[in-house]
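Analysis of the macromolecular model
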Amino acid sequence: MHKVSLVLLYLSALILNACELTGDDPKDIEMPHEEETAFIRGADLSYVNEMLDCGAIYYNETGNPEDPYAIFSKAGADLVRVRLWHNPDWTNYSDFEDVKKTISRAKAQKMQVLLDFHYSDDWTDPSKQKVPAAWLSVVNNTQALGDSLYNYTFKILNDLNTANLLPEFVQVGNEINAEILQDPTKNYNNIDWTRNSALINRGIKAVRDASSAFGKKMEVMLHIAQPENALWWFEQSSKNGISDYDWIGLSYYPLW
């Protein structure tokens with residue numbers, strides 16, 4: 001089931017429609033049961049290890065230096081989000097070893113983890129979804145590229161399982177408004193949903209298979225930028241066979 005924050009809008013429309021059709025008093029209408037979902041408070045701490053290595057000092061509310069992971073945990077954070085790039089040869093951070101360190105430190109503070117696969121060697125966002133260099137040779141072969149995505153996702157989760165560091169949530173792509181795993185020599189003015197849905201579903205399946213194989217519940221998030229893009233993107237993804245996810249993630253960048 002997709003956990004989205006549209007319950008109040010749906011219920012309001014239901015009351016209005018019921019009153020128009022039956023003339024009943026809204027207070028007499030039996031409403032569907034709303035599933036209770038715990039509120040999760042979290043933060044993206046992907047930069048913390050690098051900042052610590054650069055000599056940064058984090059202070060708690062009493063003004064004393066403290067482990068930043070502990071600061072967040074004591075402040076009530078339930079979850080740490082951490083990004084993963086495929087092979088970022090331009091930095092020593094946000095690779096697998098750095099991610100392992102972040103997850104280990106988060107779990108030591110009893111926080112859950114959201115692992116954010118960027119599926120690139122660098123940042124991905126609505127204007128940039130560059131395929132990892134290691135997969136460039138198969139970028140135009142959807143079947144082979146999907147196999148690479150599946151095998152990579154499963155291997156990362158398998159390696160984390162070996163280290164007893166599996167995340168509770170997995171983000172299949174980052175700000176995937178545009179088509180994922182793009183050939184850098186091409187222009188992508190529109191989304192090829194046949195290709196796009198095939199690749200996204202392969203990533204989702206890798207998470208589901210890993211969850212089953214390791215006996216660990218891991219929920220899937222699909223993440224795009226800006227709330228106004230939610231309706232059209234998820235409408236198109238649904239029409240094209242993307243349905244097996246648990247959470248909708250939205251980046252929000254307000255106008256200043």
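Below is a summary of the structure that appears in this document. This one's a predicted model, so the numbers in the text were calculated from it and none came from an experiment. (Residues numbered from 1 in each chain as written. Predicted model: local features only at pLDDT ≥ 70, side-chain atom pairs only at ≥ 80, totals over all residues. Heavy atoms only, no water.)

**Focus: the pairing of strand β3 (residues 112-117)**
What counts here: Burial classes: relative accessible area under 20% of the type maximum marks a residue as buried, over 50% as exposed, and values in between as partly exposed (1.4 Å probe, protein chains only). Strands are runs of DSSP state E lasting at least 2 residues, helices are runs of H or I lasting at least 4, and numbering of each runs from the N terminus. Here is how to tell: hold the view so the strands point away, follow the path from the first strand over the helix to the second, and if it runs clockwise the crossover is right-handed. At least two bridges found by DSSP between two strands is the condition for calling them paired.
Most of β3 is tucked away: five of the six residues are buried. Assessed by its sense of winding, the connection that carries the chain from strand β2 (residues 79-84) through helix α4 (residues 96-108) to β3 is right-handed. Two strands pair when backbone bridges link them, and β3 and strand β4 (residues 169-172) are joined in this way by four bridges, in the parallel orientation. Along β4, the bridge assignment pairs F117 with V172. Between the parallel pair β3 and β4, the chain is carried across by helix α5 (residues 142-162), and the sense of this crossover is right-handed.

**Concerning the pattern of salt bridges**
Pairing is possible between side chains of opposite charge, provided their charged atoms come close. Here is the rule we go by: What makes a salt bridge here is a side-chain nitrogen of Lys or Arg within 4 Å of a carboxyl oxygen of Asp or Glu, nothing more.
In the structure shown here, the tally under the stated rule is 17 salt bridges. Among the ionic pairs, R41 bridges to D78, the shortest N-O distance being 3.9 Å. Within this pair, whereas R41 is found in the loop between α1 (7-22) and β1 (42-44), its partner D78 is found in the loop between α3 (68-74) and β2, the two being separated by 37 residues in sequence. Look at R41 and you get partly exposed, because its relative accessible area is 46%. A relative accessible area of 27% places D78 in the partly exposed class. Taken together, the shared-partner salt bridges connect D44, R81 and D116 into one network.

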